[in-house]
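Geometric and topological summary
Okay, here's what each chain looks like letter by letter:
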Amino acid sequence: MTLVRAKKHLGQHFLTDKNIAAKIVDSLKPEGRFGHVLEVGPGMGVLSDFLLQKTEYETSLIDIDTESYDFLKKKYPQLGTRLINADFLELDFKSIFPENFAIIGNFPYNISSQILFKVLDNRQQVVEVVGMFQKEVAERCAEKPGSKEYGILSVFLQAYYKVEYLFTVKAGVFNPPPKVLSAVIRLTRNNKQTLDCDEKLFWQIVKAGFNQRRKTLRNAISPLINKEKLTDEPMLDLRAERLSVDDFVKLTNLVSAAR
């Protein structure tokens, strides 16, 4: 079969190392929590080859690239409707997966944040994610409070998932090689169906705090708070990067009660 051309506008960097591909697939831990896996951007199927050997779950593939779709259709004729030619970011998960499922992929780096926010929007269904990201993004997802890398994505993901940085991947195992290092992380859904606070307000406070991260929270989130009632709250004198998920939940409840 004719090989698929990597397309720059789709952020494609095809993984060529089968040992790393096997290691990524083996990082999925179904343990009875999901029976279906969706691979995003399979390209020429280096991950798919290993995924389709697994019997613990059923695998579906989605790729926006028509050339990849046509290639994979010939390579895996047995997939039928489990091979999807569509935009992952526009996919209605519930129309395809009636139950919980996992997501895996060598994700396009140009839309990696959008992919993670799509996961967050569907956190009640997506119970696990194993993915290749740009190393800086992977580090940001797993970062703990107190560093410059810790940010909006860190807080939101860690509110609903256990985030594990698994391993770093060098550029030479891709075609074409990216100009950055890559890394694989695993997100495992925690047992929090909802946070112990007003979740909409929580998201607003986190975003406002980090959007002006050089300011103290008292100033960064000033439009959201009643300054007269929260004059002595010490958390408001800190910057957003100092607060853990639990701290943001506590702060959200304080702000909500003072309104």
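Everything that follows concerns the structure shown earlier in this document.
Here's a quick rundown of the structure.

What counts, and at which threshold
Residues numbered from 1 in each chain as written. Predicted model: local features only at pLDDT ≥ 70, side-chain atom pairs only at ≥ 80, totals over all residues. Heavy atoms only, no water. Pairing = 2+ DSSP bridges. Helix = DSSP H or I, 4+ residues; strand = E, 2+ residues; numbered from the N terminus. Contact = heavy atoms within 4.5 Å. Axes fitted to C-alpha atoms, helices over the stretch in contact; angles between N-to-C directions. Buried < 20%, exposed > 50% of the residue type's maximum accessible area, 1.4 Å probe, protein only. Phe/Tyr/Trp six-rings, centres within 6.5 Å; stacked < 30°, edge-to-face > 60°. Core = buried A, V, L, I, M, F, W, Y, C linked by side-chain atoms within 4.5 Å.

**With respect to the sheet that holds strand 9 (residues 182-189)**
What the seven strands build is an open sheet, ordered 4-3-2-5-6-9-7; its pairing is mixed. With one partner strand each, in any of the chains shown, strand 4 (83-84) and strand 7 (161-169) form the two edges of the open sheet. Examined bridge by bridge, strand 7 and strand 9 share eight bridges and lie antiparallel to one another. Bridge pairing in strand 9 places Tyr 161 opposite Arg 189. Running over the sheet, helix 1 (residues 18-26) touches strand 5 (101-106), strand 6 (126-134), strand 7 and strand 9 and is turned about 170° from strand 7.

**Section: the environment of Phe 107**
Checked against the element boundaries, Phe 107 lands in the loop between strand 5 and helix 5 (112-121). Here Phe 107 falls in the buried class, since its relative accessible area comes to 2%. For Phe 107 and Gly 11, which are 96 residues apart along the polypeptide, the C-alpha to C-alpha distance reads 8.5 Å. Setting aside residues no more than four positions away along its own chain, Phe 107 makes contact with Val 40, Ile 115, Val 129, Val 130, Gly 131, Met 132 and Phe 133.

**Some points on the environment of Leu 116**
With respect to the helices and strands, Leu 116 occurs in helix 5. For the pair formed by Leu 116 and Thr 55, sequence separation is 61 residues and the distance between their alpha carbons is 27 Å. Contacts of Leu 116, omitting those with residues within four sequence positions, involve Phe 133, Val 137, Cys 141, Leu 153, Leu 157 and Leu 187.

**So, the packing of aromatic side chains**
Within this structure, the stated rule accounts for eleven aromatic pairs. When the ring of Phe 88 is compared with that of Phe 93, the centres are 5.5 Å apart and the planes differ by 45°; the resulting orientation is tilted. An identical accessibility class is assigned to Phe 88 and Phe 93; each is buried. For the ring pair Phe 156 and Trp 203, a centre distance of 4.0 Å and an interplane angle of 20° mean the geometry is stacked.

**Details of the nonpolar core**
In this structure, Phe 88, Ile 103, Phe 202, Ile 221, Phe 248 and Leu 251 are the most contacted members of the largest nonpolar core, which totals 60 residues. The greatest single-element share of this core, amounting to seven residues, is contributed by helix 8 (residues 199-211). Contacts of Phe 202, omitting those with residues within four sequence positions, involve Val 155, Phe 156, Ala 159, Leu 195, Cys 197, Val 245, Phe 248, Val 249 and Thr 252. Ranked by size, the runner-up nonpolar core spans 23 residues in total, among them Phe 34, Leu 51, Phe 167 and Val 184.

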